[in-house]
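# Fold and geometry: a report
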Amino acid sequence: MDIYDHPTFRMACQQFDLVADFLQIPEAERARLKFPKRSMTVALPIKRDDGSTEVFSGYRVQHHLTLGPTKGGLRYHREVTLGEVAALAMWMSWKCALTGLPYGGAKGGIACDPHKLSAGELERLTRRYTQEMIPFIGPQVDIMAPDVGTNEQVMAWMMDSYSMHMGHTVPSIVTGKPVGLGGSVGRREATGRGVGYLINRTMDVLGRDTNTATAVVQGYGNVGSVAAFSLAKYGVRIVAVSDVNGGIYNPKGLDLWKLEKYNAERRTVVGFPEADPVTNDQLLVTPCDILVPAALERQITKANAGQIQCRILAEAANGPTTPEADAILEQRGDIFVIPDILCNAGGVIVSYFEWVQDLQSFFWTESEVVDKLFRILEGAFTQTLNLSRKQKISMRLAALSLGVRRVQEAKRTRGLFP
Ligand code: NAD
């Protein structure tokens, strides 16, 4: 399907084809599993603060609706395209199936630079996007959440726009909302916390001590910063981090509390006094025990996969490693990969908890949320590790196989309508 053509969509398809071969999925079932069920492209005119009108492009892709409503984030980034969103929606499907959530995958986005829009412009853009999406979303149809460039405030505007249209408050239309509006405690931290938990589990499996380990984090946003704090709690020293402007390095370890304050004031980690500057390219090949890409897709490629110097690659971002880089890492055999659909699943798991709490209007404590989160992650990690060892396949192929197989079986059992 040419409308989705994009390097990230081709990458998701390449991964799917490998899994389909491994699982020996009949040809007739492959396209039905691979291509999105629905996709929407919308033009979003808004008034800028200077009085001019600008039209932005917005997208939403719902990958499959076989197991329940679709679920997935909303991304505000200059380079968002329909194809990128389709790839992210496909990965969400396999992630939800791997962790046993009653959802298909979805993803949305608006091609814009949120840092160049005022709060008022962002609000108008978000409300206009929600309005355009109303015929295609709903608590039993498609539920959005934050992703790159969006946050709790954006979710609050979406929830308000949808609720005004319905004539009553509908908290379950989005997750990742402020707690005061029906959000879940522990949702903002969930993805990074899950990354920390799975890295700690992997260190255990490899017989390594977290107290002597070092980590490098690419992308110091919501996921990356919480993952860094979570690793620090396990005793890991964070030696380098970066954001879109560049990176910083201190072999003795960065003081995360001081960095938090600096980052909050300057909105970048660059220039932090107690560290040396590094480029993002240098950062990825910095020697460390744990490398955490937590920014965007396609960061580890055939150009740098041979030079990466870590023991664990924990994919907090979606799709950070290309299939060509994957082949190099597999050949090297010295790096344990925690694949994205497992590594960052904490976010959608706690989004699921938020949706359940909203539907029941019955809210849980943070320890209930964290306990249930870790239990689901533990189950998915163990199943993936067992399959990987039993079949002598990579952790990525094992995780994707478990996810794809579940969706395939559900589609088979439901049959083809009409
Ligand atoms: P965010 O917008 O809060 O943070 C992204 C960070 O990456 C920012 O610090 C940005 O400056 C940095 N960045 C962007 N381009 C970069 C580059 N080229 N080099 C280095 N840094 C760069 O977004 P987020 O919510 O933390 O999401 C990060 C990743 O995690 C994405 O891949 C997202 O899809 C994935 N993810 C997020 C969630 C979630 O709950 N937010 C859940 C699962 C997966």
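For the structure itself, look to the data block above.
Residues numbered from 1 in each chain as written. Predicted model: local features only at pLDDT ≥ 70, side-chain atom pairs only at ≥ 80, totals over all residues. Heavy atoms only, no water.

## Considerations on the sheet that holds strand β9 (residues 276–278)
The strand order β9-β8-β7-β6-β10-β11-β12 describes an open sheet built from seven strands, whose pairing is mixed. Looking at which strands have only one partner, the edges of the open sheet turn out to be β9 and β12 (336–338). Neighbouring strand axes in the sheet, compared pairwise and without regard to direction, differ in orientation by 20° on average. Across three bridges, the pairing between strand β11 (residues 312–314) and β12 is parallel. Bridging from a neighbouring strand, Ala-314 pairs with Ile-338 of β12. (Pairing = 2+ DSSP bridges. Helix = DSSP H or I, 4+ residues; strand = E, 2+ residues; numbered from the N terminus. Axes fitted to C-alpha atoms, helices over the stretch in contact; angles between N-to-C directions.)

## Remarks on the site of the ligand
Surveying the vicinity of the ligand reveals 24 residues, the closest of which are Asp-147, Thr-191, Asn-222, Val-223 and Asn-318. Take Thr-191: an N or O atom from its side chain is 2.8 Å from an oxygen atom of the ligand. The backbone of Val-244 places a nitrogen or oxygen atom 2.9 Å from an oxygen atom of the ligand. In isolation the ligand has 830 Å² of accessible area, and contact with the protein removes 85% of it. For the shell around the ligand, the secondary-structure elements that each account for two or more residues are α6 (187–205), α7 (222–233) and β7 (237–243). Its residues placed into classes, the shell around the ligand shows ten nonpolar, ten polar and four charged. Residues from two domains meet in the shell around the ligand; each of domain 1 (2–177) and domain 2 (190–338) gives at least three. (Near = heavy atom within 4 Å. Polar contact = N/O pair within 3.5 Å; in protein donor to acceptor, adjacent residues only side chain to side chain. Areas by Shrake-Rupley, 256 points an atom, 1.4 Å probe, with all protein chains shown as cover. Nonpolar A, V, L, I, M, F, W, Y, C, P; charged D, E, K, R; others polar. Domains from an automatic or database assignment.)

By themselves, these figures tell us nothing about what the structure is for.
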